[in-house]
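# Commentary on secondary and tertiary structure
Below are the chains, spelled out letter by letter.
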Amino acid sequence: MSEIRSKLKDYRAKLDLTQEELAQRLGVTRQTIIALEQARYQPSLELAWRCSRLFGVPIEDVFTFIT
C-alpha cells in the first residue's frame, strides 16, 4: 500500500490562508483539509490537481507518493 505525505500546510501558510479559506477555494470541507495535512486522507487525482493549480506548482511538490 502506498502512502502520501502532504506539504499542503506549508503551501497554505505561504499564501496566508486558514484551513477554512483553503477549503472554500478547493470546494471541500475544513475537515478534508485537516485530514490531508495530517496524511490521514489520500486526495483524489482531481483534488490533488486543484491543489497544485492553486499553489502554482506540480502535484509532486504538494503530495509525495511513497510506495
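Just so you know, these numbers come straight off a predicted model, no measurement behind them. (Residues numbered from 1 in each chain as written. Predicted model: local features only at pLDDT ≥ 70, side-chain atom pairs only at ≥ 80, totals over all residues. Heavy atoms only, no water.)

## Observations regarding the overall build of the chain
- The helix and strand tally for the chain stands at 5 helices and 2 strands.
- When the helices and strands of the chain are placed in sequence order, the string is β-α-α-α-α-α-β.
- A globule of 67 residues ought to have a C-alpha radius of gyration of about 11 Å, and the chain, at 11 Å, matches this closely.
- Along the longest, intermediate and shortest principal axes, the C-alpha atoms of the chain span 30 × 25 × 20 Å.
- Residue burial in the chain is summarised as follows: out of 67 residues, 37% are buried.
- Restricting to contacts in the chain with at least 6 residues of sequence separation, those with at least 24 account for 55%.
- Carbon and sulfur atoms make up 48% of the accessible area of the chain, which amounts to about 4,500 Å² in all.
- Looking at the chain, you have 10 positive and 9 negative side-chain charges, and the mean spots of the two groups are 1 Å apart. (Helix = DSSP H or I, 4+ residues; strand = E, 2+ residues; numbered from the N terminus. Rg over C-alpha atoms; globule rule 2.2 N^0.38 Å. Buried < 20%, exposed > 50% of the residue type's maximum accessible area, 1.4 Å probe, protein only. Contact = heavy atoms within 4.5 Å. Areas by Shrake-Rupley, 256 points an atom, 1.4 Å probe, with all protein chains shown as cover. Lys, Arg positive; Asp, Glu negative; His and termini not counted. Charge placed at Lys NZ, Arg CZ, Asp CG, Glu CD.)

## Overview of helix α3 (residues 30-37)
- For α3, the buried fraction is high: 6 of the 8 residues fall into the buried class.
- Just downstream of α3, alanine 39 is the residue with a positive phi angle, here 55 degrees.

## Notes on the packing of helix α2 (residues 19-26) against α3
- Closest axis-to-axis distance for the α2/α3 pair is 8 Å, and the angle between their directions is 105 degrees. Overall, the two elements α2 and α3 adopt an arrangement that is roughly perpendicular. The segment α2 lies against α3, with Gln19, Glu20, Leu22, Ala23 and Leu26 engaging Arg30, Ile33, Ile34 and Glu37.
- Grouping the constituent residues of the contact of α2 with α3 by class yields 5 nonpolar, 1 polar and 3 charged. (Axes fitted to C-alpha atoms, helices over the stretch in contact; angles between N-to-C directions. Parallel < 35°, antiparallel > 145°, perpendicular 65-115°, else oblique. Nonpolar A, V, L, I, M, F, W, Y, C, P; charged D, E, K, R; others polar.)

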